[in-house]
Amino acid sequence: MERFREVRGTKDLRPGEIERWHYLEKIVRTVMDRYGYLEIRTPMFESTELFSRSIGSDTDIVQKEMYTFPDRKGRSLTLRPEGTASVARSYLQHNMGRGKAVTKLYYMGPMFRYERPQKGRFRQFHQFGTEAIGSPAAWYDTETISVFYEILDAAGLGPLTVRLGSVGDPGCRPAYTSLLKEYLRARSDELCGNCKERMEKNPLRVLDCKNRSCGGAIESAPSLLDHLCEPCTAHLGEVRSTLEKGGIPFELDRSLVRGLDYYSRTVFEIHHDELGAQSALGGGGRYDGLLEDLGGPPTPGVGFSAGMERIITVAESLEIEWDGGDEPMIYVAPVEETAAGDVFPLVRRLRRRWKTEGVREVRNLKTVLKRASRAGAGIVLLLGAGGALTVKRMDTGDETGVSVDHLEEEVEDLRKAIAARRSEERDS
RNA sequence: GUGGGUGUAGCUCAGCUGGUAGAGCCCCAGACUGUGGAUCUGGUGGUCGCGGGUUCGAUCCCCGUCACUCACCCCA
């Protein structure tokens, strides 16, 4: 019979790999906490309209990448393709901004997009991110970039490139878009086939083309940054100077484009040079019109989202050492059949304080030690006839008899000795 | 949705213009008659992705199909 396997674009995270995820999750939570962001967990599916309204019905995500399905009552639901829409919805639904200047939230969890999988891209993938809702101040744009940068830095990634740009606001962007369209039409014979097509539909995307043939036209194209209105220019200037003062390196990207429609003013991405085609570890920006579009009062906001698979991929290729739990394990085994029944109560007792494994079968000593060693034991406890206890240190091979009454003390001493020896080895 | 690459043991992979399969790792046992990680020896384990075709005979050649993978589009 044919066996089941993972659905295309999904992946089991098994022991051996999950430890990296735990480690990354821990870093995320620690840094988020220091920055004052509180966790929010929204449902993994929402009403389809929430996403089409917020992300933009002309985007690729909405047009062809959503997992949309009717429930049993015929309502159209969609597995969330990103996190911001859900958080914004929840913020409005629960009036979270009441009495607060700004609400700072973070999330972490799976997202779903129906795309052809490749390196760093899956149909179920995981993101973490923040949303700071309620303030138009550039301070929060900077803080958003800072918390993201800090997490990547704490995870040991680097060198990192922060790309910063601005997409203007509803006041200045339309004028620029038609200007750009005009320019591209005039030089359309220099553009690649793809760009000729998207020139009309989404001219900003052309600036993002990696095709060399388009390079000339793109380079001398008018930049949005030169056509921003006065308030947008001032806002960008403040983000830049604050980043500089804070010591966060960044590059001004004159052609930065993002895939969602709701952005206004600040947009940014953080890239790592060692990744392949999908070098963006994450990105974000300001979305001052989004909450109003969702039926709320005019409420500014800014946030980012980061791809956890991509971060882990980079960390693996850099061979970063992740802090694994290498607590020495205690392995309990009987060496006489009469002692076999004592294993379970002893293991229970030890497990109140330490990581412990036990076996009931009596095997010859060679086998016991081999299995203990392979299981990663730091200490082996051998149970003999008449309650005799032998404690063996696996790193040095030393062993001593010990009475049951003083077992915990002996184990504690051994653990200290083992830890001391380890740190000595590390230092030398 | 479009292209390229790859499907052989649990894992990583060999397999010569076609003669129905091998190595390393892992696991088990022994050498070491009660003291682990090393070494050596032996053993378990495979419908060669699936279906058709050519052939006396196909893991190898041809067609189809599925899966994985990389890239395009787009994005995290």
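All figures in this text were calculated on a predicted structure; none of them were measured in a lab.

Procedures and definitions
- Residues numbered from 1 in each chain as written.
- Chains lettered and ligands numbered in written order.
- Predicted model: local features only at pLDDT ≥ 70, side-chain atom pairs only at ≥ 80, totals over all residues.
- Heavy atoms only, no water.
- Near = heavy atom within 4 Å.
- Polar contact = N/O pair within 3.5 Å; in protein donor to acceptor, adjacent residues only side chain to side chain.
- Helix = DSSP H or I, 4+ residues; strand = E, 2+ residues; numbered from the N terminus.
- Nonpolar A, V, L, I, M, F, W, Y, C, P; charged D, E, K, R; others polar.
- Pairing = 2+ DSSP bridges.
- Axes fitted to C-alpha atoms, helices over the stretch in contact; angles between N-to-C directions.
- Contact = heavy atoms within 4.5 Å.
- Parallel < 35°, antiparallel > 145°, perpendicular 65-115°, else oblique.
- Left-handed = near helix turned anticlockwise from the far one by under 90°.
- Phe/Tyr/Trp six-rings, centres within 6.5 Å; stacked < 30°, edge-to-face > 60°.
- Buried < 20%, exposed > 50% of the residue type's maximum accessible area, 1.4 Å probe, protein only.
- Core = buried A, V, L, I, M, F, W, Y, C linked by side-chain atoms within 4.5 Å.

## Considering the protein's contact with RNA strand B
Within the structure, RNA strand B sits among 40 residues, and Arg121, Arg198, Arg205, Gly259 and Met394 are positioned closest to it. Here the atoms of RNA strand B within 4 Å of the protein split so that 52% fall in sugar or phosphate, with bases taking the remainder. At 3.3 Å, a side-chain N or O of Gln118 approaches a phosphate oxygen of RNA strand B. At 3.4 Å, a backbone N or O of Gly282 approaches a sugar or linking oxygen of RNA strand B. Counting residues per element, the ones that place at least two in the surface near RNA strand B are β6 (124-133), α7 (193-201), β10 (280-286), β11 (301-307) and α14 (365-374). Per element, the largest residue contribution to the surface near RNA strand B is five residues, and it comes from α14. Of the residues that constitute the surface near RNA strand B, the class distribution is nine nonpolar, 11 polar and 20 charged.

## Re the sheet that holds strand β4 (residues 76-79)
Across the sheet, which stays open at both edges, the three strands sit in the order β2-β4-β3 with antiparallel pairing between neighbours. At either margin of the open sheet sits one strand with a lone partner, and together these are β2 (45-47) and β3 (68-70). On average, adjacent strands in this sheet sit at an angle of 35° to one another, irrespective of strand direction. Direction of pairing for β2 relative to β4: antiparallel, over a ladder of three bridges. Bridge pairing links Phe45 to Leu79 in β4. Where helix α2 (residues 48-55) meets the sheet, its contacts fall on β2, β3 and β4, and the angle it forms with β2 comes to roughly 80°.

## Description of the packing of helix α5 (residues 138-154) against helix α10 (residues 230-246)
Relative orientation of the contacting elements α5 and α10 amounts to 45°, with a least axis distance of 9 Å. Relative to α10, the element α5 lies oblique. As α5 runs across α10, the sense of the crossing is right-handed. Contacts from Ala138, Asp141, Thr142 and Ile145 in α5 reach His235, Glu238, Val239, Thr242 and Leu243 in α10. The class makeup of the residues in the contact of α5 with α10 is four nonpolar, three polar and two charged.

## Here we look at the packing of aromatic side chains
The relative placement of two aromatic rings is captured by the distance of their centres and the angle of their planes. In this structure the tally under the stated criterion is six aromatic pairs. When the centroid spacing of 5.6 Å and the interplanar angle of 70° are considered together, the rings of Tyr67 and Tyr114 count as edge-to-face. Here Tyr67 is found in the loop between α3 (60-64) and β3, whereas its partner Tyr114 is found in the loop between β5 (103-112) and β6, with 47 residues between them in sequence. On the basis of relative accessibility, which here comes to 25%, the residue Tyr67 falls in the partly exposed class.

## Quick notes on the pairing of strand β9 (residues 264-272)
Most of β9 sits out of view: nine of its nine residues are buried. Summarising the sheet, strand β7 (residues 160-166) and β9 pair through seven bridges and their orientation is antiparallel. Along β9, the bridge assignment pairs Leu164 with Phe268. Note that β9 and β10 share six bridges and pair antiparallel. Across the sheet, residue His271 finds its bridge partner in β10, namely Ala280.

## Details of the nonpolar core
The tendency in soluble globular proteins is for nonpolar side chains to be buried side by side. Judged by nonpolar contacts, the single largest core of 91 residues is most densely connected at Met32, Phe128 and Leu157. Residues Ile330, Val332, Val343 and Val347 belong to the second largest nonpolar core, which totals 18 residues.

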